[in-house]
Amino acid sequence: MVKRVLRVIAVVLFCQTAYAQVTSDCGSAVPICSNTPVNGGANGFGNDDFNGANSSGCLERSLSGAIESNSGWYRFRTMATGQLGFNIGHDSSEDWDFALYRASDCNSLGDPVRCNFFDNSENKSFIGVGEDPTGDENSVHYEDWLDVNAGEDYFLLINNFSNVNSGFSIQFTGNVFSTNPTDALDCSIVNNLLGSPIAACQGDTVPLDATTVGATNYTWYSDTGSGFQVISGEINPTLNVTGSAVYRVLVTTTTGSIISDVQVAFNAVPTTGTLADEALCHTSGMIFNLAAKDSEALGAQNPSDFVVSYYSSQTDANSGTNPLPKQYPKSSGQEVIYVRTASLANPNCYDASQNFTVDAIETPELTFSENETVCDGATITIGETIPNPSYTYQWSTGELTPSLVVSQEGTYELTVTHFSNGVNCAVSRTINVSISEVPVISVDVEFRDLSPSNTVTVTNEADGDFEYSLNGGAYQTSPVFDEVPGGTHTISARDAFGCGVVTESFVVVGFPPIFSPNGDVLNESWQIEGLSILNSPIVTIYDRYGKLIKQLTEFNAGWDGSLNGKPLPSTDYWFKLSYLDNDGNRVNAKHLKNHFSLRR
């Protein structure tokens, strides 16, 4: 809807003094209780309100030699509790500063509660407290919101540093005006008969009321830049105005005359253009750039005169509260965005009649792995195993299914598409399929002297990631098994995908690496510990040439180092161990072929 908001100040007070719309001295600060229109500018600073001080808060001495150079002073009083801010609008080529004092007396201003002294090298059009109405969240020309309570008095100094100025406007903001739209500020402090300056919208009619008890005559004047001219035929105590001017009333009473001036400025009401609906693919963490829609809303209107903002409800758009960030985090799904185009000079002149829909279409999220391994001679299913019925699927091999059964290594690409509202949202992923290599293992037993418990290490000649199991137990990635007890065992190896299981058997026993049959009772014989756990074990001892020297069973005490009763020389001897397996076949312990030393 198009809405024109007007705050009318009608105060019947007696005053013999004409009040200017800009005053350069704190003592005559203009009392205000609503937004003010762009005035005629500030010229000079009158008296030095800081008595020669070098600074006041952030303000420093200007080129004038004082803190003020071209100043305007205003005062206001709060009537509610809440968050208050204001925008001071000006030409972007000019440099303005401000200081806000919580005080009721110009002689005891104290330090400002908000202050800004940055130069305008960025050519900004606003300074103030709260939020820049253009949406610049990082503007250095804005100070934090001010928390106010009812009954607080404030003086506002607005100072032009550049010595060239075309005036400024004041626009009050903050949630205190949402909770108290008509009485956030106290209008009883305005002692001008016609009230404080009035900012209105084109098409409005502003009633001026100079009703005075005892008046005998009213004469109305207007000044549009060429001096005050009598408004012919207007002799009533009230005047309805529809054009921008400074208006004056001369009230004649039986005791004298009263003159009162007020500025009334009318700002253009913008028209929001039709905005096209948007349909786009949604991605995780998506940001929708609302600023890109500004040009559609403005059309041929000057972006220096109007600002576009966006809202999640028509109520917020009408009130201008809770605007969405221009860089808007957009969730998936459809959402109606409500648009408000407002005058920068007077935000109460606005059009909130338009909206548009943003449809963020869900882009498929792929959950399957990019790498798969298939066992040699087997098959594997790749792709989406839990498909979305709203999506379509296409493989690089031509299939139109969400998953694919393959047995060959290679690369396979799946494209998943979500088509909605005329938009294709597609995502692709390549799956690399490799064939698992069968492990090739051998077993090495690290024997301890005469200990039937030893460390077993599996050696694998194949490349890949493998797991190992001892005697059918849980698989582990380490090929080392500690404290393996004596007896027959099996080692199984497979790749990490459960392919190609290979099993080897081995025997763990204990034997001394050295014995010395020299009659000193120590180490007089060589034997293997742990034979009793095997079925019919036979140990065969050879010399280095392969000559059979001795055969031992579990019932022998050991070998004394002799052959046919004659001592054999000191040297190394080899042995083999055989036993009966579970099927009654005699087998050699394939991983147990070792040697020992005889010393005399």
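Everything that follows concerns the structure shown earlier in this document.
Section: the packing of aromatic side chains
Centre-to-centre distance and the angle between the planes together describe a pair of aromatic rings.
Link 1 in the chain: What the rule picks out here adds up to 21 aromatic pairs.
Link 2 in the chain: Their ring planes at 50° and their centres at 5.1 Å tell us that Trp 526 and Phe 575 sit as a pair that is tilted. Separated by 49 residues along the polypeptide, Trp 526 in the loop between strand S39 (514-515) and strand S40 (538-542) and Phe 575 in strand S44 (residues 571-580) bring together distant segments of the chain. With respect to burial, Trp 526 and Phe 575 carry one shared label: buried.
Link 3 in the chain: Ring centres of Trp 526 and Phe 596 lie 4.0 Å apart, and the angle between their planes is 15°; on these two criteria the pair is classed as stacked. Of this pair, Trp 526 sits in the loop between S39 and S40 while Phe 596 sits in strand S45 (residues 586-598); the two residues are 70 residues apart in sequence, bridging distant segments of the chain. Of the two residues examined, Trp 526 and Phe 596, each falls in the buried class.
Link 4 in the chain: The rings of Phe 511, Phe 515, Trp 526, Trp 559, Tyr 573, Phe 575 and Phe 596 are connected pair by pair, giving a single aromatic cluster.
Link 5 in the chain: Geometry around Tyr 475 places Arg 494 over its ring, the cationic atom sitting 3.7 Å from the centre.

Examining the sheet that holds strand S5 (residues 70-77)
Link 1 in the chain: The strand order across the open sheet formed by five strands is S2-S5-S12-S7-S8, and the pairing between neighbours is mixed. The open sheet has two edge strands with one neighbour each: strand S2 (30-31) and strand S8 (114-116).
Link 2 in the chain: Two elements, strand S7 (residues 96-102) and S8, share three bridges in a ladder whose sense is antiparallel. Note that in S8 the partner of Ala 99 across the bridge is Cys 115.

Overview of the pairing of strand S31 (residues 410-420)
Link 1 in the chain: Where strand S29 (residues 391-395) lies against S31, five bridges are found, and the strand directions are antiparallel. For Gln 394, the partnering residue across the bridge sits in S31 and is Thr 415.
Link 2 in the chain: Sheet topology places S31 next to strand S32 (residues 423-435); 11 bridges connect them, and they run antiparallel. Within S32, the residue paired with Thr 415 across the bridge is Ser 428.
Link 3 in the chain: Between S31 and S32, which pair antiparallel one after the other, the connecting turn spans two residues, and Asn 421 there sits at a positive phi close to 55°.

Here's the deal with unusual backbone geometry
Link 1 in the chain: One non-glycine residue, Asn 123, lies in the positive phi region at around 60°.
Link 2 in the chain: The topology assignment puts Asn 123 in the loop between S8 and strand S9 (126-129).
Link 3 in the chain: The phi angle at Glu 483 is positive, at roughly 55°, despite the residue not being glycine.
Link 4 in the chain: Looking at the secondary structure, you find Glu 483 in strand S36 (residues 480-484).

Re the side chain of Asp 95
Link 1 in the chain: Mapped onto the secondary structure, Asp 95 falls in the loop between strand S6 (82-90) and S7.
Link 2 in the chain: It turns out Asp 95 is buried and unbridged, and the closest side chain with the opposite charge, Lys 124, is 13 Å from it.
Link 3 in the chain: Setting aside its immediate chain neighbours within four residues, Asp 95 contacts Phe 118, Asp 119, Asn 120, Asn 159, Asn 160, Phe 161 and Ser 162.

Some thoughts on the pattern of salt bridges
Link 1 in the chain: For the structure on display, the rule yields 11 salt bridges.
Link 2 in the chain: For Arg 102, the salt bridge identified is with Glu 152, shortest N-O distance 3.7 Å. Placement of Arg 102 in strand S7 and of Glu 152 in the loop between strand S11 (146-148) and strand S12 (153-160) is noted, with a sequence separation of 50 residues between them.
Link 3 in the chain: Residue classification places Glu 152 among the buried residues on the basis of a relative accessible area of 15%.
Link 4 in the chain: Linking Glu 278 and Lys 293 is a salt bridge whose minimum nitrogen-to-oxygen distance equals 2.8 Å. Of this pair, Glu 278 sits in strand S21 (residues 278-282) while Lys 293 sits in the loop between strand S22 (287-289) and helix H2 (294-298), placing them 15 residues apart in sequence.
Link 5 in the chain: Taking the relative accessible area as the measure of exposure, Glu 278 reaches 25% and is therefore partly exposed.
Link 6 in the chain: In this structure Lys 293 comes out as buried when scored by relative accessible area, which is 2%.
Link 7 in the chain: Each member of the salt-bridge network shares a partner with another, and the members are Arg 77, Asp 153 and Asp 186.

What to know about the environment of Val 251
Link 1 in the chain: In this fold, Val 251 is placed in strand S19 (residues 245-253).
Link 2 in the chain: Residues Val 251 and Asn 460, 209 residues apart in the sequence, show an inter-C-alpha distance of 111 Å.
Link 3 in the chain: Apart from the residues lying within four places of it in its own chain, the contact partners of Val 251 are Leu 193, Ala 210, Thr 212, Ala 215, Asn 217, Tyr 218, Gly 256, Ser 257 and Ile 258.

Details of the sheet that holds strand S37 (residues 487-495)
Sheet strands pair by backbone hydrogen bonding; their relative direction is either parallel or antiparallel.
Link 1 in the chain: A sheet is described by the order of its strands in space; here three strands give the open sequence S35-S37-S38, paired in antiparallel fashion. The open sheet has two edge strands, strand S35 (466-470) and strand S38 (502-508), and neither has a second partner. On average, each strand axis in the sheet is inclined to that of its neighbour by 25°, with strand direction left out of account.
Link 2 in the chain: Sheet analysis places S37 next to S38, joined by seven bridges and oriented antiparallel. Across the sheet, Ser 492 pairs through a bridge with Thr 503, a residue of S38.

Description of the state of the cysteines
Link 1 in the chain: Enumeration according to the criterion identifies five disulfides in this entry.
Link 2 in the chain: The side chain of Cys 26 participates in a disulfide bridge whose partner is Cys 106; the two sulfur atoms lie 2.0 Å from each other. Note on the Cys 26 and Cys 106 pair: the S-S dihedral is about -85°, so by sign convention the disulfide is left-handed. With Cys 26 in the loop between strand S1 (2-4) and S2 and Cys 106 in the loop between S7 and S8, this pair connects stretches of sequence that are 80 residues apart.
Link 3 in the chain: Judged by its relative accessible area of 2%, Cys 26 is buried.
Link 4 in the chain: For Cys 281, the disulfide goes to Cys 425, at an S-S distance of 2.1 Å. Handedness of the Cys 281-Cys 425 disulfide follows from its S-S torsion of about -100°: it is left-handed. Here Cys 281 is found in strand S21, whereas its partner Cys 425 is found in strand S32, with 144 residues between them in sequence.

The rules behind the values
- Residues numbered from 1 in each chain as written.
- Predicted model: local features only at pLDDT ≥ 70, side-chain atom pairs only at ≥ 80, totals over all residues.
- Heavy atoms only, no water.
- Phe/Tyr/Trp six-rings, centres within 6.5 Å; stacked < 30°, edge-to-face > 60°.
- Helix = DSSP H or I, 4+ residues; strand = E, 2+ residues; numbered from the N terminus.
- Buried < 20%, exposed > 50% of the residue type's maximum accessible area, 1.4 Å probe, protein only.
- Lys NZ or Arg CZ within 6 Å of the ring centre and 35° of its normal.
- Pairing = 2+ DSSP bridges.
- Lys, Arg positive; Asp, Glu negative; His and termini not counted.
- Salt bridge = Lys/Arg side-chain N within 4 Å of Asp/Glu carboxyl O.
- Contact = heavy atoms within 4.5 Å.
- Axes fitted to C-alpha atoms, helices over the stretch in contact; angles between N-to-C directions.
- Disulfide = S-S within 2.5 Å.

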